[in-house]
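Here is what each chain is made of, one letter per residue.
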Amino acid sequence: MQSSSDSNTFKLDQRIHSSIDPRRVSTVKYIGPVEGYPGTWVGVDWDNGEAKHDGSLNGIRYFEARSQLSGSFVRTQNLTAGISFIESLYIRYRDQPTQEDEDEMYVLSASNRRVSVQFVGKEKIQDKLSRLEELTGASLSYLGVSNPGSPNEISNIVPNLKELDLTGNLLSEWKDVGTICEQLPSLVALNLSNNSMSHEIVGLPQLKRIHILNEVLKDLLPVIEELHLMGNGINAIQTASSSIVQGFDSLRLLNLEENCIAEWNEILKFSQLRSLEELHLNKNNLNHIFYPDHDTINKMVGGDESHDQSCIPFQNLRCLRLGGNDIEDLASVDSLNSFPKLIVRL
């Protein structure tokens, strides 16, 4: 996974990772000189927040980092701009696996969960996986995928791929995701967690076959059943024309774990999703919850004539995961009894 050391390789807001650790991902915030140090430096904001400063050094501000210790300056040769989709496939499935690879071997279940696989009959398994044209499921997590590669390359090499995990890569543009998906006619499950996708969805076709996807909108996915938005720094739910989330008629599972949601009113925006059965809110900043009455919902929808007055809030919710929040008051605990079909998991 080598890239040019020339500073022209990088651009502002580009997603990159450490040349020695593809799991250490960051965003380029500055390219240029640093006073007192020779040569060109790249100022980066690390996703894990483990670095040296906030974008300033010796009293000079070069960029704004997300936290006091998430920024650092790095030489270009110590960073990589990533590799193509097919390059990552070759690394994962055609190169000889390391012991670390074997320790992390898993497959995706039908509900997009990781299931560990014991590495038995290594040679036979490796031979089968190396026949990429027969591959139906691929995990390319944290390999530094940043682009789809050459036109039609994907469809020629993995034409039968149905499940694809791209967690923790360097993708940020939706047009690149669209290019990948268009070349995979059998794809039904796609995981894009921790890719820091652009808020402007441009160049993404309607993905009618996808049933399990991370970080996409309802108008693009009319039959989506699971939506995973873990670890994206979400603190508010933005809706287009109403104060409640509409559409998503088939959505059964919504995963918002490891975000920054502090207000329960943000979660109430999902209360009218009729098919919602599982709501995962572990590791947010919630300190109080309650079951909404009709007056609360009516205030939220205002004069929206499309709102169905007969819709019971969270009418099919069976699983609510709240671990790792700050909920301590008894009123919140008691309110859980008001959810019509709820089985609570704390």
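These numbers come from a predicted model, not from an experiment. (Residues numbered from 1 in each chain as written. Predicted model: local features only at pLDDT ≥ 70, side-chain atom pairs only at ≥ 80, totals over all residues. Heavy atoms only, no water.)

### A look at the overall build of the protein
Working step 1: Summing up its helical and strand segments, the protein has eight helices and 20 strands in all.
Working step 2: Within the span of the protein, comprising 346 residues, buried residues form 45% of the whole.
Working step 3: When the accessible area of the protein is evaluated, it comes to approximately 17,600 Å², of which 47% is carbon and sulfur surface. (Helix = DSSP H or I, 4+ residues; strand = E, 2+ residues; numbered from the N terminus. Buried < 20%, exposed > 50% of the residue type's maximum accessible area, 1.4 Å probe, protein only. Areas by Shrake-Rupley, 256 points an atom, 1.4 Å probe, with all protein chains shown as cover.)

### Digging into the nonpolar core
Working step 1: Within the largest apolar cluster, 32 residues are counted, with the highest numbers of intra-cluster contacts made by L256, W264, L281 and L320.
Working step 2: Contributing elements (two or more residues each) for this core: α6 (264-267) and α7 (294-301).
Working step 3: By residue number, the principal contributor to this core is α7, which donates three residues.
Working step 4: Apart from residues lying up to four places away in sequence, L256 is in contact with L229, I234, I261, I267, F270, H280, L281 and N284.
Working step 5: Grouped together as the second largest cluster of nonpolar side chains are 26 residues, L89, V177, L190 and L192 included. (Core = buried A, V, L, I, M, F, W, Y, C linked by side-chain atoms within 4.5 Å. Contact = heavy atoms within 4.5 Å.)

### Describing the sheet that holds strand β7 (residues 79-80)
Working step 1: Reading across from one edge, β6-β3-β2-β1-β7 is the order of the five strands in this open sheet, with antiparallel pairing throughout. Because the sheet does not close on itself, it has two edges, and the strands there are β6 (71-74) and β7.
Working step 2: In this sheet, β6 lies alongside strand β3 (residues 37-46) in antiparallel orientation, the contact comprising four bridges. Bridging from a neighbouring strand, V44 pairs with S72 of β6. (Pairing = 2+ DSSP bridges.)

### Details of the packing of aromatic side chains
The description of an aromatic ring pair uses the distance of the two centres, along with the angle that the planes make with each other.
Working step 1: All told, the structure shown has seven aromatic pairs when counted by the stated rule.
Working step 2: Judged by centre distance (6.1 Å) and plane angle (85°), the rings of Y30 and F73 are edge-to-face. Placement of Y30 in strand β2 (residues 21-34) and of F73 in strand β6 is noted, with a sequence separation of 43 residues between them.
Working step 3: An aromatic cluster of at least three residues, connected via ring pairs, comprises Y30, Y62, F63 and F73.
Working step 4: The lysine or arginine in question, R24, covers the ring of W46, its NZ or CZ lying 4.0 Å from the ring centre. (Phe/Tyr/Trp six-rings, centres within 6.5 Å; stacked < 30°, edge-to-face > 60°. Lys NZ or Arg CZ within 6 Å of the ring centre and 35° of its normal.)

### Here we look at the environment of I83
Working step 1: Checked against the element boundaries, I83 lands in strand β8 (residues 83-84).
Working step 2: With 61 residues separating them along the chain, I83 and G144 place their C-alpha atoms 5.9 Å apart.

### Quick word on helix α1 (residues 85-93)
Working step 1: Buried within α1 are the following residues: F85, I86, S88, L89 and Y93. For α1, the angular spread of buried residues about the axis comes to 155°, placing them on one side. (Arc of directions from axis to C-beta.)

### Topic: α7
Working step 1: Along α7, the residues classified as buried are I297, M300 and V301. Projection of α7 onto a plane perpendicular to its axis shows the buried side chains occupying an angular sector of 90°, all on one side. Residues D295 and K299 are exposed on α7 and point more than 90 degrees away from its buried face.
Working step 2: Along its buried surface, α7 packs onto α6.
Working step 3: N-cap assignment for α7: the residue whose side-chain oxygen lies 3.3 Å from the backbone N of D295 is D293. (Polar contact = N/O pair within 3.5 Å; in protein donor to acceptor, adjacent residues only side chain to side chain.)

### Describing the pattern of salt bridges
Working step 1: Counted according to the given criterion, the structure contains ten salt bridges.
Working step 2: With a shortest N-O distance of 3.5 Å, K175 and D176 are connected by a salt bridge.
Working step 3: With a relative accessible area of 45%, K175 lands in the partly exposed category.
Working step 4: According to the relative accessible area criterion, D176 is buried, its value standing at 13%.
Working step 5: A salt bridge links R252 to E226; the shortest N-O distance between them is 3.6 Å. In this pair, R252 sits in the loop between β16 (226-228) and β17 (253-255) while E226 sits in strand β16, placing the two residues 26 residues apart along the sequence.
Working step 6: Taking relative accessible area as the criterion, R252 reaches 30% and is therefore assigned partly exposed.
Working step 7: By relative accessible area, E226 is classed as buried at 3%.
Working step 8: By sharing partners, the salt bridges in this structure join D54, R61 and E64 into a single network. (Salt bridge = Lys/Arg side-chain N within 4 Å of Asp/Glu carboxyl O.)

### Structural notes on the side chain of T27
Working step 1: With respect to the helices, strands and loops of the structure, T27 is situated in strand β2.
Working step 2: For T27, the contacting residues outside a window of four places in its chain are D13, Q14, R15, G43, V44, D45 and D47.

### Focus: the pairing of strand β1 (residues 15-18)
Working step 1: Direction of pairing for β1 relative to β2: antiparallel, over a ladder of four bridges. Residue pairing in the sheet places H17 in a bridge with V25 of β2.
Working step 2: In this antiparallel pair of consecutive strands, β1 and β2, the connection spans two residues.
Working step 3: One ladder, built from two bridges, connects β1 with β7; its direction is antiparallel. The residue of β7 that forms the bridge with H17 is T80.

### Here we look at the confidence of the model for the protein
Working step 1: The share of residues in the protein with pLDDT of 70 or more is 75%, and the mean pLDDT across the chain is 81.
Working step 2: Taken as a whole, residues 1-5 scores under 50 in pLDDT and shows 13 contacts with residues more than four places along the chain or in a different chain.
Working step 3: Confidence drops under pLDDT 50 across residues 214-220; counting only partners more than four residues distant or on other chains, this segment forms 28 contacts. (pLDDT = per-residue confidence, 0-100.)

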